[in-house]
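One letter stands for each residue in the lines below.
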Protein chains: 2
Amino acid sequence: MPVAASSEVDPAWLPDEALRALGSRRVRVSGEGDLVDTVRAEVAYACGLFGGTPMPDDDGAADLLLRLTEGGDGGPEGFTLERAPGRTTVTAAAPAGLLYGYFEIVRLGEAAFTPAATRTHRPALALRMLNHWDNVAVHPVMGQVERGYSGGSLFWQDGRARGDLDRVRAYGRLLAAAGVNALSVNNVNVHETEARLLTDRVAEVAAIADELRRYGIRTHLSVSFAAPVVLGGLATADPLDEGVRTWWREAAAHVYAHIPDFGGFVVKADSEGQPGPFAYGRSHADGANLLADALAPHGGTVHWRAFVYDHRQDWRDRTTDRARAAYDHFAPLDGQFRDNAILQIKHGPLDFQVREPVSPVIGALPRTRVAVELQVTQEYTGQQRHTCALAPMWSGVLGFRPEGEHAPTVGELTASGGLVAVSNAGDDPFWTGHPLAQFNLYAFGRLAWDPAADPDRLLAEWAELTFTPQVTADPYRLRSGLRAVLADSWSTYEKYTAPLGVGFMVQPGHHYGPSVDGYEYSPWGTYHFADRDGIGVDRSAATGTGYAAQYAKPWSELYETPATCPDELLLFFHHVPYDYVLHSGTTVIQHIYDTHFEGVEEAEAAREIWAGLADLMPPARHARAAERYEEQVRSAREWRDQINSYFLRKSGVPDARGRRIH
Amino acid sequence: MPVAASSEVDPAWLPDEALRALGSRRVRVSGEGDLVDTVRAEVAYACGLFGGTPMPDDDGAADLLLRLTEGGDGGPEGFTLERAPGRTTVTAAAPAGLLYGYFEIVRLGEAAFTPAATRTHRPALALRMLNHWDNVAVHPVMGQVERGYSGGSLFWQDGRARGDLDRVRAYGRLLAAAGVNALSVNNVNVHETEARLLTDRVAEVAAIADELRRYGIRTHLSVSFAAPVVLGGLATADPLDEGVRTWWREAAAHVYAHIPDFGGFVVKADSEGQPGPFAYGRSHADGANLLADALAPHGGTVHWRAFVYDHRQDWRDRTTDRARAAYDHFAPLDGQFRDNAILQIKHGPLDFQVREPVSPVIGALPRTRVAVELQVTQEYTGQQRHTCALAPMWSGVLGFRPEGEHAPTVGELTASGGLVAVSNAGDDPFWTGHPLAQFNLYAFGRLAWDPAADPDRLLAEWAELTFTPQVTADPYRLRSGLRAVLADSWSTYEKYTAPLGVGFMVQPGHHYGPSVDGYEYSPWGTYHFADRDGIGVDRSAATGTGYAAQYAKPWSELYETPATCPDELLLFFHHVPYDYVLHSGTTVIQHIYDTHFEGVEEAEAAREIWAGLADLMPPARHARAAERYEEQVRSAREWRDQINSYFLRKSGVPDARGRRIH
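Below is a summary of the structure that appears in this document. (Residues numbered from 1 in each chain as written. Chains lettered and ligands numbered in written order. Predicted model: local features only at pLDDT ≥ 70, side-chain atom pairs only at ≥ 80, totals over all residues. Heavy atoms only, no water.)

### Some remarks on the overall build of chain A
Helix and strand counts for chain A stand at 21 helices and 20 strands. At 25 Å, chain A has a C-alpha radius of gyration in line with the 26 Å of a compact globule built from 662 residues. If you line up chain A on its principal axes, its C-alpha atoms span 80 × 65 × 50 Å. Out of the 662 residues belonging to chain A, those deemed buried represent 63%. Long-range pairs, those at least 24 residues apart, make up 73% of the contacts in chain A with a sequence separation of at least 6. In the structure as shown, chain A presents an accessible area of about 22400 Å², 52% of it carried by carbon and sulfur atoms. Looking at charge distribution, chain A has the averaged site of its 61 positive side-chain charges lying 1 Å from that of its 85 negative ones. (Helix = DSSP H or I, 4+ residues; strand = E, 2+ residues; numbered from the N terminus. Rg over C-alpha atoms; globule rule 2.2 N^0.38 Å. Buried < 20%, exposed > 50% of the residue type's maximum accessible area, 1.4 Å probe, protein only. Contact = heavy atoms within 4.5 Å. Areas by Shrake-Rupley, 256 points an atom, 1.4 Å probe, with all protein chains shown as cover. Lys, Arg positive; Asp, Glu negative; His and termini not counted. Charge placed at Lys NZ, Arg CZ, Asp CG, Glu CD.)

Next up, the structure:
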């Protein structure tokens, strides 16, 4: 079986060259099991490329030994790495651990064969999952991949599962190398065709699962809560109805008959038009437990999304606050969910904006398994046309301590629930549209494995893997160039888009490019309330919507008043006059002007730095990103000019530095 | 042949009952020709319904005589109506005149058989044309009928001409009764499939033409200027290239071989992405004459649209003015167009807004045949969900005198060029989506016949025809009700939408519903420049874009200064502070508030009046309009609240009457 993707597809963080260190040595793999066979095949492939030798199981003379053993403290996915002089050993208690150990050796390269202290690695989070918002039948508005910016689906083509799944396998390999172990194959907005993946079309899902399984990834399905009605012909989907419960039990059994290690269901219910338990006067715990009970006999899990809010809000009504919705709906349900139900919570209270506070829901359900959902696909962060490395944002979320300084981090709170992300991958030759967006996919997996990992270190790690041949050629220039264009790119993007946590200001519908009032008079609940005097949303308990009080201390106190609220979240929590002075010392209006000029300057500088790296990488990869930088700079200027013009026209306050505003 | 549409289709202004007066009498039709046969069939149908008698040609004992004779002064489409005691006679020199005379008898009903002075009727405008923006292949964004709000196309279905063309014939009958004599069957944005109607798919057009011909309507095609390249495989579409000229001559001959009375071409060139002569450094006269020359041997005409402007404008650039574009492009070309080339000019300088000044281009080409283009389909005027009777607007345009008080009206200037409109009809059972939008279609035809016709009289005429059975039952309540909901509906719509001629403020793309800044930072050239101090576009010669100077006196002087500019166009021509006092005595900002409250009140009142008419018409017709009124009121409130909130937030000026603004 071929291990790597075809030559037409970018190798991302697994170029053959990254296998040189181990592939040029004597390597022994010891143990039984499908994933052990995957490691064997990897080793054979690497040695085939670089002249090394896969050693027979009974030969002691190996430079690298990958060994399955009883016991050990790595758990089902961990491994112990021993770097003795002349012999590096990976031991694991389970095959998955051996696979992750193998990819650790790949990451280390030559360093894997230098002596170091023995260390046991194990994932901090049990579930490291990607959600694919892929449609089987191309949606007339949303296309094949909803919020996808990387071509078509990796899984589906022409209305069904792809016949050739080699690329799915290659994708599984990349994901395993980043630490991902779970994946859902269809959009959480489950349309008519996709609903049937649960029933008469499950064989197509099974074929995909067969490929992903080779790399330790369990396959999940997004399902429609209305499936008993839509597919089963029942009169109701009431979670307490016995016929409905039977229907789901049989549906789950049917799936497991085809996919014995099926992961479970992902559900978007009572949200943005999707059906859910509210229609029957039942709670979301009732809804989640219905599916959990159906999955339990088979070891499956239901991921129940907490993204529930009123998307038919009246913009005139300032008492309703969408940010409050998930907490209001779910906090009262703590303790009511089954053990195999996971509440999947978006990292912020709104919807993947460039800057949001961490959702207070994450810390509000101590007796519930919670997963945090990130968006690797850049819906609101430049749609893979802008460089925007999100690891620093995610790292901040995972390190946040919802209950205060000495309480657990978000990373710790999600240990059993996991980290989930909407994938940015598609059938684009570079996987992610923008080649530099590969880093987001990689970093997601690595942070799910170790939420405490330093984003800068992950950037260096990714860069060395991805650019292995070039790093070898001119390490300093390439590393520093990549660092320069990526490390602060999230901050750059934030500077030229919606300021100070206020969010949105995007074009309605497709969400690309600026439209300051685009969502201001809409039913979506995402407003900035700018008038000639000031801007921002008062979410304080004292005078606003009370959202700030959903946090535990110290956050509730910190966010409650402008005086203590962090600058970057000021307009998320407060409505302030344009001349309000930030902690940084500038006024809100001048901050808007300054950051928008700076953001464009930074984007322009990044484009120049990128241009200077042309000789250090394959021309196609450089050209693709260079083309994206042109668009990023154009779009950033549009953001700058529209935002600055809008606020100059509204506030009447001139730029203190006299720059041109239209 | 069946004359009327099927029972599933609303009869519009030709219910069978409208034929009672003539259908219950002895009627003789005298003459030869296809259209005379059409009149005969009409008479036979009417008499079949109401017990009258079609008399043989040689029997003198008729109550109504429709007679083709040599000579007379009605011209090719006119007729003379003689209402003597006991005998009404229509005489016409040509069959088309007899057909129009027949429909005049229908309109008059019983009154046709009461004595009156003899009168000769003839159309003031030679061409009375509808453009259908219908796509053969459903467009992924624009759908089947671009800017159509009445279902699918009457002509095209499933990618080709409909097999059953009975409804096309019924449509032709309705149009003939309104006076229309020309029609183009496909969108002016000519996509790939539609381009081929000119060549290998012309037989489908011929089938449609066969039906329309029965009612005196000549069929036209929209063609792509790039056809010689796209369809012919030539290397160029240069209008001065001999190969290109030959290609078009042959293409025209091919069309005429299938459709001997083919009307000609409609062309949108160098506009919004459509190809045109600019690509070859040629003028639009060169482009139009190329096609005119190809059509001339066959008696065809080219309609060359003047809708040419830069749709990739930079909103930051205040020197470029889209309103200037048509004049700047076309005025210098006067005298260069062939006799069978017609310059088709939108009635206003922008794009069918609820209020625009009359385009200065119409009076700027005295040596060119000019047609004025109206939009019967309500793209910017409520999309057939809002009641908006446009006859008063059109009447104002047609009565405008571009060169001053004693110079010709627009109606007179277009005598040889004609009046053209984008149709609002589709395969909807009510033809036009909103049953009351039928009046727009009817009124267009009648105004094209007689631009001086009084819109109020046309409304009464349409109402009596359409509601004949009900008028008979309770004439006063129905007539006054219809008048109340229709006569001022344009003014109502204007009140709650974009104020004082400023235009746009619609949602981008689909153009339905409010978005004050929707086009403010776009490339489309349609801005309002509102800031905290004022609003409007300075198009004066002294300090603005100079557009006002494109008019002849007195208009150029009148529009030049706010002091003389009519209130309703103030913001089209001037940027003024919010406290600027209108001729009406209120400030601009208070006018905005007042009209927006009033507009909603008027829409609400119309909804109530309509509800009170339920017993006076077929339930389906009433219900359809009632449903539209619900949406109109909802949407009108949204317009009111968004516009008022936007300007309150921006200006800070409270409503003088203290009403609630959000």
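Now that the structure has been shown, the text picks up again.
### A few points about the environment of Asp488(A)
With respect to the helices, strands and loops of the structure, Asp488(A) is situated in the loop between helix H16 (475-486) and helix H17 (489-496). The spacing of Asp488(A) and Met142(A) is 346 residues in sequence and 31 Å in space, taken between C-alpha atoms.

### Remarks on the pairing of strand S17 (residues 369-375) of chain A
Residues and elements named next belong to chain A. Across the seven residues of S17, six count as buried, placing the element largely inside the fold. Across four bridges, the pairing between S17 and strand S18 (residues 419-422) is parallel. Residue Glu-373 lies in a different strand from S18, and its bridge partner there is Val-420. (Pairing = 2+ DSSP bridges.)

### Brief notes about the packing of aromatic side chains
Following the criterion strictly, the structure yields 62 aromatic pairs over all chains and no others. When the ring of Tyr100(B) is compared with that of Trp449(B), the centres are 4.9 Å apart and the planes differ by 65°; the resulting orientation is edge-to-face. A residue pair is termed long-range when its members are at least 10 positions apart, and Tyr100(B) in helix H3 (residues 95-108) and Trp449(B) in helix H13 (residues 438-449) qualify at 349 residues. Residue Trp449(B) is classed as buried on the basis of its relative accessible area, which comes to 9%. A ring pair is formed by Tyr171(B) and Trp431(B), whose centres lie 5.9 Å apart and whose planes are at 15°; its orientation type is stacked. Pair noted here: Tyr171(B) is in helix H4 (residues 166-178) and Trp431(B) is in the loop between strand S18 (419-422) and H13, with a separation of 260 residues, a long-range link. Each member of the pair Tyr171(B) and Trp431(B) is classed as buried. One aromatic cluster in this structure is built from Phe400(A), Tyr547(A), Tyr551(A), Trp555(A), Tyr559(A), Phe572(A) and Phe573(A). In this structure, Arg621(A) packs its charged tip against the face of Phe467(A), placed 4.9 Å from the ring centre. (Phe/Tyr/Trp six-rings, centres within 6.5 Å; stacked < 30°, edge-to-face > 60°. Lys NZ or Arg CZ within 6 Å of the ring centre and 35° of its normal.)

### Some points on the pattern of salt bridges
Counted according to the given criterion, the structure contains 101 salt bridges over all chains. Across the pair Asp428(B) and Arg624(B) runs a salt bridge whose closest N-O atoms are separated by 2.8 Å. With Asp428(B) in the loop between S18 and H13 and Arg624(B) in helix H21 (residues 619-651), this pair connects stretches of sequence that are 196 residues apart. Residues Asp428(B) and Arg624(B) agree in their burial class; the two are buried. Among the ionic contacts, a cluster of salt bridges with common partners joins Asp314(A), Arg316(A), Glu638(B), Arg640(B) and Asp641(B). (Salt bridge = Lys/Arg side-chain N within 4 Å of Asp/Glu carboxyl O.)

### Points about helix H4 (residues 166-178) of chain A
All names here are of chain A. Taking 1.5 Å per residue as the helical rise, H4 with its 13 residues ought to reach 18 Å, and the 19 Å between its terminal C-alpha atoms agrees with that figure. Along H4, twelve of the 13 residues are buried, which leaves the element largely enclosed by surrounding structure. Among the residues of H4, Arg-167, Val-168, Arg-169, Ala-170, Tyr-171, Gly-172, Arg-173, Leu-174, Leu-175, Ala-176, Ala-177 and Ala-178 are the ones counted as buried. In the stretch just after H4, Gly-179 is the one whose phi turns positive, near 105°. (Expected span 1.5 Å × (residues − 1).)

### With respect to the packing of helix H6 (residues 202-213) of chain B against helix H8 (residues 242-258) of chain B
Residue and element names in this part refer to chain B. Running from N to C, H6 and H8 point in directions that differ by 45°, and their axes come no closer than 9 Å. Relative to H8, H6 is oriented oblique. Regarding H6 and H8, the two cross each other, and that crossing is right-handed. Where H6 approaches H8, its residues Val-202, Ala-203 and Ala-206 are matched on the opposing element by His-254, Val-255 and His-258. (Axes fitted to C-alpha atoms, helices over the stretch in contact; angles between N-to-C directions. Parallel < 35°, antiparallel > 145°, perpendicular 65-115°, else oblique. Left-handed = near helix turned anticlockwise from the far one by under 90°.)

### A few points about the packing of helix H11 (residues 391-399) of chain B against H13(B)
Between two packed helices, what matters for the description is the angle formed by their axes and the separation of those axes. All names here are of chain B. Orientation of H11 relative to H13, taken along the N-to-C sense of each, is 20°, at an axis distance of 10 Å. If you check the angle between H11 and H13, you find them roughly parallel. Seen along the crossing, H11 lies across H13 with a hand that is right-handed. From H11, Ala-391, Trp-394, Ser-395 and Leu-398 reach across to H13, where they touch Phe-439, Asn-440, Ala-443, Phe-444 and Leu-447.

### Topic: the sheet that holds strand S3 (residues 64-68) of chain B
Residues and elements named next belong to chain B. Spatially, six strands are ordered S2-S1-S3-S5-S4-S6 in an open sheet, and the strand pairing comes out mixed. The outermost strands of the open sheet, each flanked by one partner alone, are strand S2 (53-55) and strand S6 (116-121). The sheet shows a mean angle of 15° between the axes of neighbouring strands, taken without regard to direction. Pairing geometry for strand S1 (residues 26-30) and S2, over three bridges, is parallel. Across the sheet, residue Arg-28 finds its bridge partner in S2, namely Met-55.

### A word on the relation of the copies chain A and chain B
Two chain copies, one operation linking them: a rotation about an axis together with a shift along it. Of the transformation placing chain A onto chain B, the axial shift is 0.0 Å and the rotation is 180°, giving an RMSD of 0.0 Å. Taken together, the rotation and translation relating the two chain copies correspond to the operation of a two-fold axis. Proximity to the rotation axis, assessed at the C-alpha, singles out Lys650(A) in chain A; its C-alpha lies 2.9 Å from the axis. Both copies contact each other with a shared surface, as 100% of the interface residues of chain A are interface residues in chain B too. (Least-squares fit on C-alpha atoms with pLDDT ≥ 70 in both.)

### Regarding the interface of chain A and chain B
Frequently, the measure chosen for interface size is the accessible area removed from exposure when the parts meet. Each partner contributes to the interface: chain A provides 21 residues, whereas chain B provides 21 residues. A combined buried area of about 2200 Å² lies between chain A and chain B, and 44% of that area is made up of carbon and sulfur atoms. Scanning the region where chain A abuts chain B turns up six salt bridges. Joining chain A to chain B, the criterion identifies 17 residue pairs in polar contact (both at pLDDT 80 or more). Looking at side-chain class alone, the side of chain A that touches chain B contains five nonpolar, five polar and eleven charged residues. (Buried area = accessible area lost by both parts, 1.4 Å probe. Polar contact = N/O pair within 3.5 Å; in protein donor to acceptor, adjacent residues only side chain to side chain. Nonpolar A, V, L, I, M, F, W, Y, C, P; charged D, E, K, R; others polar.)

### A look at the environment of Pro297(B)
Residues and elements named next belong to chain B. Within the element layout of this structure, Pro-297 appears in the loop between helix H9 (284-295) and strand S15 (301-305). Take Pro-297: its relative accessible area is 63%, and that puts it in the exposed class. Placed 48 residues apart in sequence, Pro-297 and Arg-249 show a C-alpha to C-alpha distance of 9.1 Å.

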